[in-house]
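Observations on the three-dimensional arrangement
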Amino acid sequence: LGEATGWELLSHSFKQGGDRELLKWFSSLQPENILLHRTAHETSDAEFEEQVQSSKFLSEMLQLMRCQYRDAMYPDPTRDFGEM
């Protein structure tokens, strides 16, 4: 108790980076997805932005990931759950 949860740590780390960092993390969960890896790791900043803007899939996925992971709300174990 009194320590940050895994979700909180993840959210804080994503707030330090941008969309590319979110996509790099997500691509690490799917190592077989070569297209996702290339987009996250091997494009210039301009190419990355172009691909995100031109792809409905990437654009919507990043919007969802911003909400779920970067801007996530997480419970305060002490306040929200009390003593266990």
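First, a word on what this report is: a plain description of the structure on this page. (Residues numbered from 1 in each chain as written. Predicted model: local features only at pLDDT ≥ 70, side-chain atom pairs only at ≥ 80, totals over all residues. Heavy atoms only, no water.)

Quick notes on the packing of helix H2 (residues 19–28) against helix H5 (residues 56–70)
The interhelical angle for the contact between H2 and H5, taken along N-to-C directions, is 90°, at an axis separation of 10 Å. Looking at the two axes, H2 sits roughly perpendicular to H5. Listed contacts from H5 to Asp19, Leu22, Leu23, Trp25 and Phe26 of H2 are Leu58, Met61, Leu62, Met65, Arg66, Tyr69 and Arg70. (Axes fitted to C-alpha atoms, helices over the stretch in contact; angles between N-to-C directions. Helix = DSSP H or I, 4+ residues; strand = E, 2+ residues; numbered from the N terminus. Parallel < 35°, antiparallel > 145°, perpendicular 65-115°, else oblique. Contact = heavy atoms within 4.5 Å.)

Some words on the nonpolar core
Within the largest apolar cluster, 13 residues are counted, with the highest numbers of intra-cluster contacts made by Leu22, Leu23, Leu36, Met61, Leu62 and Met65. Within the residue set of this core, elements represented by two or more residues are H2, helix H3 (34–41), helix H4 (45–54) and H5. Here this core takes five residues from H5, the largest share from any one element. The contacts of Leu62, once residues within four sequence positions are left out, are Asp19, Leu22, Leu23, Phe48 and Val52. (Core = buried A, V, L, I, M, F, W, Y, C linked by side-chain atoms within 4.5 Å. Buried < 20%, exposed > 50% of the residue type's maximum accessible area, 1.4 Å probe, protein only.)

Some words on the environment of Ser28
Mapped onto the elements, Ser28 comes out in helix H2. Separated by twelve residues in sequence, Ser28 and Ala40 place their C-alpha atoms 9.8 Å apart.

Section: the pattern of salt bridges
Across all of its chains, the model carries five salt bridges by this definition. When the shortest N-O distance is used, the salt bridge between Lys24 and Glu21 registers 3.7 Å. With Lys24 and Glu21 both in helix H2, this residue pair falls three residues apart, about one helical turn. A residue is classified by how much of its surface remains accessible, and Glu21, at 37% relative accessible area, is partly exposed. Two residues, Lys56 and Glu60, come together in a salt bridge whose shortest N-O distance is 3.9 Å. Here the residue Lys56 and the residue Glu60 both occupy positions in helix H5, the gap between them amounting to four residues, near one helical turn. (Salt bridge = Lys/Arg side-chain N within 4 Å of Asp/Glu carboxyl O.)

A word on helix H1 (residues 6–16)
The periodicity of an α-helix, 3.6 residues per turn, causes residues three or four positions apart to be oriented the same way. All of the buried residues in H1 are Glu8, Ser11 and Phe14. Looking straight down H1, one finds its buried side chains confined to an arc of 130°; they lie on one side. Summarising the geometry of H1, the exposed residues directed more than 90 degrees from the buried face are Gly6, Leu9 and Gln16. Looking at the buried residues of H1, the elements they touch are H2 and H5. (Arc of directions from axis to C-beta.)

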